[in-house]
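Spelled out, the chains give:
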Amino acid sequence: MNARSLAQLPVTELKGVGAALQLKLEKLDIHTLQDLLFHLPLRYQNRTRIMPIGSLRPGDEGVIEGEVKGADIVMGRRRSMVCRLQDGTGTVTLRFFHFSAAQKNNLKAGTRIRCFGEVRTGASGLEMYHPEYRRVDDEVITPVEESLTPVYPTTEGLNQNRLRTLTDAALAQLQSGSLTELIPEHMRQRWQLPPLNDAVSYLHRPPVDADQDQLLDGRHPAQRRLAFEELLAHHLSLLKLRNRTREQGAPLMQPTGQYRDQFLAQLPFPLTGAQQRVSNEIAQDLSQPFPMLRLVQGDVGSGKTVVAALAALQAVEGGFQAAVMAPTEILAEQHFINFSNWLEPLGLKVAWLAGKLKGKKRQEQMQAIGDGSAQVVVGTHALFQDDVSFANLGLVVVDEQHRFGVHQRLALREKGRQDHRSPHQLIMTATPIPRTLTMSAYADLDCSIIDELPPGRTPVNTVVISDQRRADVVQRVRDACLQGRQVYWVCTLIEESEALQCQAAEVTAEELREALPELRIGLVHGRMKPAEKAEIMASYKAAELDLLVATTVIEVGVDVPNASVMIIENPERLGLAQLHQLRGRVGRGSVESFCLLMYHAPLSHQGRERLGVMRETTDGFRIAEKDLELRGPGEVLGTRQTGMMSFKVADLQRDADLLTRVKQVASEIAADPQLSDAIIQRWLGRDEQYASV
Ligand code: ADP
Ligand code: MG
């Protein structure tokens, strides 16, 4: 049995594991002995010593031993059996709500028993409810446990004792050293990582003197050893993805300046330093013979669209088509308008494709995309449906990528692949991604940051205000509009249900129309037809509306420079990143802007802290870090990413300090594909996302 690695040994090889138990273990994602050994305890109990009863305090958990003084059934609020136990230092009551007659008979006065349980204050003073207990013999000294007792995460029908027996058996196998050490010795020495087998044994059966607080916090060196390897596995898998792409050829796009110069000359403003720098990085990538995979992070309003246009022009100069994809129709249309205005004067044709486009119009666009007469194509994900074929796609630009995960990135790359060539890929996000996440979830991408806003922007003033002052807020909106400002009023709901959210917005719009008859008020929400939405947005943009009531559909990318006031109802329900996005809709022009966060009182402690962050800073990176700290990576990245971000042992937040080391070790190990694969296989082998890579 030892000849094979524990990773290949199914749990059914252990004595007593039949089909039923196997099913239960599968629920815990335990298939092999290795899985069992990586199934780490949540916490530990100390059964290594017997506590004097006289020393017990409420909340203590431990072993006691003594003589039964009698057991009685009492009829309190609930019928129960109480049993008094004495050890010479004191007396404690054991209380059972479920018991049998046999149990009562066994607890005769004079019997010695040993119990394990938690002490609490009950009706008769100190009590233990339903302790584990067994008889002990006077003559024989019954040994206590030698190590701390693990408490494992478990599932229905699988008790702790069973898991302990199973891990005992697996640990016995481990003694023969068959859990392969995958991190080379010299690296372990350099980073002071204990050997894998030692770490695993320690965590399942820590010695009596182990630092329990450290273990509970997940900061013990043995835990960090495992977390390190797991993070390493994730990192290696992303590097592998990236190398796969790199192995493919890419269209070479030497810049000629043919369109670029003219485009820059007609822009009403010079590029910011940051736009210039990032554009140069992209230009470099595009003239390489392998596909670019670049993530551009730039706060809302930092001017990413111009940067995307420059990239597209380089593709066109190189004789290729560029596709620009946005996540919503509103945003895609806005890009289409921008790109058309910028590129048509250069004699270029911009095509448009979205889900709502049907029939003859769609045919025309498809024709232009297919025969190459459109050099640039803008649209939603409809761009990548099966029946769309590009004449010569060389660059894919994806805006607001924070909504997409690794899966989507892969799918896109696949889509554009022709022969052995992949298009270049540029991903733009307005949601700054905290460094820890860039180093983990986005390790397959190169990163550029536009860290400068165009000049002349005044930061948005953010005010946190209770909805008890709603009437005042409505008056402020009125005053602002009468002064020629335009205002957004954003409605949010806890429920994910879009229907309810839209309903709430409809009700609010009605109320505001009644309260403010002198204003021109519009409404947009996600359940309106795209054409309807576009029409309302267009008239708001043309200043034919003073006030726009909206759901969070306007979160992404909408650009109306004259809008300078935003009210957000119930901001405490949204993530900080989302609030930051919303707030980014104002402060786009040169007038001073306001954002009123109108919370529903009373505000929780965390709610206050979060809104405080919004008030204090408009720096998207700081907000993102804070969001990660307060909500965790799953929430920050969105559900689509959570598959990717589910770790067995590691915790991105807690183990963030390991990432620099992980990155370094990963780049060394990547040179050894066999080793790299073994590490990926160990931690992500069952994850289909990587299995198909
Ligand atoms: P985002 O990065 O949020 O996508 P946009 O590309 O929509 O930002 O740009 C926001 C606004 O800033 C637009 O109105 C755009 O024309 C303007 N803008 C972009 N770059 C500059 C610049 N260098 N100087 C002045 N204004 C700029
Ligand atoms: Mg944008």
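Refer to the structure above for everything that follows.
Because the structure is predicted, anything quoted here is derived from the model rather than measured.

Secondary structure summary: the chain contains 26 helices and 21 strands in total. Dimensions of the chain, computed from C-alpha atoms along their principal axes, come out at roughly 100 × 65 × 45 Å. Residue pairs in contact within the chain that sit at least 24 positions apart in sequence constitute 75% of those at least 6 positions apart. When the accessible surface of the chain is summed, it comes to about 30,900 Å², and 48% of that surface belongs to carbon and sulfur atoms. Of the side chains in the chain, 79 bear a positive and 85 a negative charge, and the two mean positions are spaced by 3 Å.

Attention shifts here to the nonpolar core. In terms of nonpolar packing, the biggest core is built from 89 residues, with Leu25, Val200, Leu226, Leu232 and Ile679 touching the most fellow members. Counting residues per element, this core draws most heavily on helix α8 (residues 221-247), at nine residues. Other than its neighbours up to four places away in sequence, Leu25 contacts Val11, Val17, Ile30, Leu158, Leu163 and Leu166. Counting residues in hydrophobic clusters, the runner-up holds 37 residues, among them Ala274, Val324, Val397 and Leu426.

Going through the model one piece at a time under the given rule, you end up with 32 salt bridges. Glu127 serves as the salt-bridge partner of Arg95, at 2.7 Å between the closest nitrogen and oxygen. Taken together, the residues Arg95 in strand β4 (residues 91-96) and Glu127 in strand β6 (residues 125-129) connect sequence positions 32 residues apart. Like Glu127, Arg95 is buried.

Turning to the sheet that holds strand β17 (residues 486-490), a few remarks are in order. Taking strand neighbours across the sheet as the criterion, the six strands line up as β16-β21-β20-β17-β19-β18 in an open arrangement whose pairing is parallel. Strands at the two margins of the open sheet, each flanked by one partner only, are β16 (461-466) and β18 (521-524). Within this sheet the neighbouring strands show an average axis-to-axis angle of 20 degrees, counted without direction. By the bridge criterion, six bridges tie β16 to strand β21 (residues 594-599) in an arrangement that is parallel. Of the residues in β21, the one forming a bridge with Val463 is Leu596. Packed onto the sheet, helix α16 (residues 470-482) meets β16, β17, β19 (547-550), β20 (563-569) and β21 and runs at close to 150 degrees relative to β17.

Before going further, it helps to spend a moment on the site of ligand 1. Taken together, 16 residues sit near ligand 1, with Gln275, Gly301, Lys304, Thr305 and Arg457 positioned nearest. Contact between ligand 1 and Gly301: an oxygen atom at 2.6 Å from a main-chain N or O atom of the residue. Interatomic distance of 2.7 Å between a side-chain N/O atom of Lys304 and an oxygen atom of ligand 1. Summarising the interface, the protein chains cover 83% of the accessible area of ligand 1, which totals 560 Å² for the free molecule. Classifying every residue of the shell around ligand 1 by side-chain character gives five nonpolar, six polar and five charged.

The subject of this paragraph is the environment of Gln214. One can find Gln214 in helix α7 (residues 212-217). What makes Gln214 partly exposed here is its relative accessible area of 27%. When sequence neighbours within four positions are dropped, the list of residues in contact with Gln214 reads Arg219, His220, Pro221 and Gln223.

In the structure shown here, the tally under the stated rule is seven aromatic pairs. When the centroid spacing of 5.4 Å and the interplanar angle of 85 degrees are considered together, the rings of Phe97 and Tyr129 count as edge-to-face. In this pair, Phe97 sits in the loop between β4 and α3 (101-106) while Tyr129 sits in strand β6, placing the two residues 32 residues apart along the sequence. Overall, Tyr129 belongs to the partly exposed group, its relative accessible area being 27%. Ring geometry for Phe263 versus Trp342: centroids 5.5 Å apart, planes at 75 degrees, classification edge-to-face. Residue Phe263 is found in helix α9 (residues 260-266), and its partner Trp342 is found in helix α12 (residues 329-343); the two are separated by 79 residues along the sequence. Residue Phe263 is classed as buried on the basis of its relative accessible area of 0%.

Here strand β14 (residues 424-429) lies mainly inside the structure; six of its six residues are buried. Alternating residues of β14 divide into His424, Leu426 and Met428 and Gln425, Ile427 and Thr429, and every residue in both groups is buried. Pairing geometry for strand β9 (residues 293-298) and β14, over five bridges, is parallel. Directly across from Leu295, in β14, lies its bridge partner Ile427. Relative to β14, strand β13 (residues 393-399) is paired through five bridges, and the arrangement is parallel.

Right, let's get into the sheet that holds β9. The strand order across the open sheet built from seven strands is β11-β12-β10-β13-β14-β9-β15, with neighbouring strands paired in parallel fashion. Edge positions in the open sheet fall to β11 (350-353) and β15 (446-450), since each of these has one partner strand only. Direction aside, the axes of adjacent strands within the sheet are offset by 20 degrees on average. Together, β10 (321-325), β11, β12 (376-379) and β13 form the strand contacts of α12, whose direction differs from that of β11 by roughly 170 degrees.

Our focus in this paragraph is the side chain of Ser539. When you line up the elements, Ser539 lands in helix α18 (residues 530-541). With relative accessibility at 16%, the residue Ser539 sits in the buried group. Those residues in contact with Ser539, other than ones at most four positions away along the chain, are Glu544 and Leu545.

Rules behind the numbers
Residues numbered from 1 in each chain as written. Chains lettered and ligands numbered in written order. Predicted model: local features only at pLDDT ≥ 70, side-chain atom pairs only at ≥ 80, totals over all residues. Heavy atoms only, no water. Helix = DSSP H or I, 4+ residues; strand = E, 2+ residues; numbered from the N terminus. Contact = heavy atoms within 4.5 Å. Areas by Shrake-Rupley, 256 points an atom, 1.4 Å probe, with all protein chains shown as cover. Lys, Arg positive; Asp, Glu negative; His and termini not counted. Charge placed at Lys NZ, Arg CZ, Asp CG, Glu CD. Core = buried A, V, L, I, M, F, W, Y, C linked by side-chain atoms within 4.5 Å. Buried < 20%, exposed > 50% of the residue type's maximum accessible area, 1.4 Å probe, protein only. Salt bridge = Lys/Arg side-chain N within 4 Å of Asp/Glu carboxyl O. Pairing = 2+ DSSP bridges. Axes fitted to C-alpha atoms, helices over the stretch in contact; angles between N-to-C directions. Near = heavy atom within 4 Å. Polar contact = N/O pair within 3.5 Å; in protein donor to acceptor, adjacent residues only side chain to side chain. Nonpolar A, V, L, I, M, F, W, Y, C, P; charged D, E, K, R; others polar. Phe/Tyr/Trp six-rings, centres within 6.5 Å; stacked < 30°, edge-to-face > 60°.

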